[in-house]
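# Notes for the structure review
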Amino acid sequence: MTDNRQAALELGQKPVGQLLWQYALPAIVAMTASSLYNIIDRAMIGQLVGPEAIAGLGITFPFMNLSAAFGAAVGVGSSACISVKLGQQDYKTAENLLGNTVTLNLIVGFLFMVISLLFLDPILRFFGASDATLPYAREFMIVILLGNMVTHMYFGMNAVLRAAGKPRHAMYATLFTVACNIVLVVAFVWWFRWGIRGAALATISSQSLALCWQMWIFSDKKELLHFRKGIYKLRKVLVQNIISIGISPFLMNATSCIIVIFMNNQFVRYGGDMAVGAYSIANSVVMVFFMFVMGMNQGMQPIVGYNYGAEKFDRMFRCLWLTIACAMTILLVGWTLSMLFPRQIARIFTTDPTLIDLAATGIKLDMLVFFVVGSQAAITHFFQSIGKVKISIFLSLSRQLFLLLPMAYVFPLFWDLNGVWYSMPASDFGSFAMTIPTLIWYMKRLKAYGQDHH
């Protein structure tokens, strides 16, 4: 118990650089591992099952995003509430929140599974599946949806582990899932030749094993937070608190789902199934580098939140500047590699010459101004960390809904397939141009507040 209290005090005292490293490293390791798994997964399917299969897998992205959106609404919402209650030393409510998280995940996971399975084909058609890609997308999603309750619970429990002061345990769970996943994908897809269904089975099996370990941790009576009778009954106030915080990440995930559906449909219209495959490959490359940035942002969150509460604004901004600098450096590396070796990167995913050509062009265009996205993501996350939910929702939606959607609709009218690709760097730069003035405006407000209070 004293350890938990000590960790909280450090957030306001320890050098900011050291803290950021301490909190961001487990998150970066976990994030990088899961993006690495995604690449191996897609590379195996692209090389062994064929180019239509990788396009079919691209169609399932929005589905996975939508499922993650519901999971995040519960997981992120409850973990934030638990952090606050632990800070207030209200351990009883924190345990009730843990129980409510389990119940909510089961209900949401079950409902999502049933509704999605009932309307699977029409949903996949709506997401951009063609006659050639539909069988692959369907085969993959049936297995994923049957294991949906496991997926929700696994992500939810991982978020709670971080909130309960166990970032390492959350990292171990992710690393275990990824390692297990890679072994099973090789076994199921390459050895047993189960195709795209094998990849889905590998995902669900490894998450199930990790979930067993998480449940074992929370069953330990010696833990500050543990399972016990009477905490699973849903309480209106707790559920409202969870959802009100969870709405921000839910909207972000749901929006990216809408975007991928729209982009898939635009790519099918202007370039056919191969263009969807190229978008799927370019997306995978972007996500590898962006995962590092997400890890940095997760590490920044508790430091910024604590110092904002303690009114140590200089420490809070120092943490933000460090995060921005690291994020932009990481993305600059990604940009350099993508500009120099696009064809070599595309070859990891496929041997099809047409798809390699399309993907190489796509990677270069998608990553054109990618290095500015790091600051945009860090600033958006910064506003979420200090409870300025409206600003953070506005900034995250600006990039996707207000800029990318209209651009992706209008640009192809002038530049055909390339127009769909151009819309991505154009919206990246536009949102960067909106984010910086927002931060400057907020800093001026804080400065004025500081002068009034001293």
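Keep in mind the model is a prediction, meaning the values are calculated, not measured. (Residues numbered from 1 in each chain as written. Predicted model: local features only at pLDDT ≥ 70, side-chain atom pairs only at ≥ 80, totals over all residues. Heavy atoms only, no water.)

## Structural notes on the overall build of the protein chain
In terms of helices and strands, the protein chain carries 15 helices and zero strands. Taken over the C-alpha trace, the protein chain has a radius of gyration of 22 Å; the compact-globule value for 454 residues is 22 Å, and the two agree within 12%. Across its three principal axes, the protein chain shows a C-alpha extent of roughly 60 × 50 × 35 Å. Here the protein chain displays about 19700 Å² of accessible surface, and carbon together with sulfur accounts for 68% of that area. Each charge class in the protein chain was averaged separately, 32 positive and 20 negative side chains, and the resulting centres sit 9 Å apart. (Helix = DSSP H or I, 4+ residues; strand = E, 2+ residues; numbered from the N terminus. Rg over C-alpha atoms; globule rule 2.2 N^0.38 Å. Areas by Shrake-Rupley, 256 points an atom, 1.4 Å probe, with all protein chains shown as cover. Lys, Arg positive; Asp, Glu negative; His and termini not counted. Charge placed at Lys NZ, Arg CZ, Asp CG, Glu CD.)

## What to know about helix α2 (residues 16–48)
Between its first and last C-alpha atoms α2 spans 47 Å; for 33 residues at 1.5 Å apiece the expected length is 48 Å, and the two agree. The largest bend in α2 is about 35°, located at Ala24, with the proline Pro26 one to four residues further on. (Expected span 1.5 Å × (residues − 1). Bend = angle between axes of the 7 residues up to and from the residue.)

## Section: the pattern of salt bridges
Tallied over the entire structure, the rule returns eight salt bridges. A salt bridge links Arg399 to Asp428; the nearest nitrogen and oxygen atoms lie 2.8 Å apart. Take Asp428: its relative accessible area is 4%, and that puts it in the buried class. (Salt bridge = Lys/Arg side-chain N within 4 Å of Asp/Glu carboxyl O. Buried < 20%, exposed > 50% of the residue type's maximum accessible area, 1.4 Å probe, protein only.)

## Quick word on the nonpolar core
In terms of nonpolar packing, the biggest core is built from 102 residues, with Leu124, Met263, Phe267, Phe382, Phe383 and Trp421 touching the most fellow members. Per-element accounting of this core gives the leading share, 23 residues, to helix α10 (residues 236–309). Those residues in contact with Leu124, other than ones at most four positions away along the chain, are Ile59, Phe63, Ala129, Leu134, Ala137, Arg138 and Met141. Counting residues in hydrophobic clusters, the runner-up holds 27 residues, among them Leu161, Leu225, Leu238 and Val239. (Core = buried A, V, L, I, M, F, W, Y, C linked by side-chain atoms within 4.5 Å. Contact = heavy atoms within 4.5 Å.)

## What to know about the packing of aromatic side chains
Tallied over the full model, the rule gives 27 aromatic pairs. Measuring from centroid to centroid gives 5.0 Å for Phe192 and Trp194, while their planes differ by 25°, and the two rings are stacked. Three or more aromatic residues joined by ring pairs form one cluster here, namely Phe63, Phe70, Phe112, Phe126, Phe127 and Phe250. (Phe/Tyr/Trp six-rings, centres within 6.5 Å; stacked < 30°, edge-to-face > 60°.)

## What about the side chain of Ser280?
Locating Ser280 in the fold gives a position in helix α10. Among the residues examined, Ser280 registers a relative accessible area of 1% and is labelled buried. Once residues within four sequence positions are removed from consideration, Ser280 is found in contact with Arg42, Ile54, Gly58 and Phe61.

## Quick notes on a nonpolar patch on the surface
Taken together, the side chains of Ile107, Phe110, Leu111, Val114, Ile115, Leu118, Phe119 and Leu234 define a hydrophobic patch exposed on the protein surface, amounting to about 720 Å² of accessible area. The class of Leu111 is partly exposed, set by a relative accessible area of 47%. (Patch = residues over 30% accessible without salt bridge, like charges linked within 9 Å, V, L, I, M, F, W, Y side chains within 5 Å.)

## Quick notes on the packing of α10 against helix α13 (residues 353–366)
For the pair α10 and α13, interaxial distance at closest approach is 8 Å and the crossing angle is 45°. When the axis of α10 is compared with that of α13, the two are oblique. The handedness of the crossing between α10 and α13 comes out as right-handed. On α13, the residues that touch Met274, Ala275, Gly277, Ala278, Ile281, Ala282, Asn283, Val285 and Val286 of α10 are Leu355, Leu358, Ala359, Gly362, Ile363 and Asp366. Here the residues of the contact of α10 with α13 sort into 11 nonpolar, three polar and one charged. (Axes fitted to C-alpha atoms, helices over the stretch in contact; angles between N-to-C directions. Parallel < 35°, antiparallel > 145°, perpendicular 65-115°, else oblique. Left-handed = near helix turned anticlockwise from the far one by under 90°. Nonpolar A, V, L, I, M, F, W, Y, C, P; charged D, E, K, R; others polar.)

## Observations concerning the environment of Leu134
Position of Leu134 among the secondary structure elements: in helix α6 (residues 134–146). Along the primary structure Leu134 and Gly58 are separated by 76 residues, whereas in three dimensions their C-alpha atoms are 11 Å apart. For Leu134, the contacting residues outside a window of four places in its chain are Asp121, Leu124, Arg125 and Ala129.

## Section: unusual backbone geometry
Positive phi, normally seen in glycine, also occurs at Arg193, with a value near 55°. With respect to the helices and strands, Arg193 occurs in the loop between α8 (167–191) and α9 (195–219). A relative accessible area of 53% means that Arg193 is categorised as exposed. Of note in the backbone geometry, Asp416 takes a positive phi value of approximately 55° without being a glycine.

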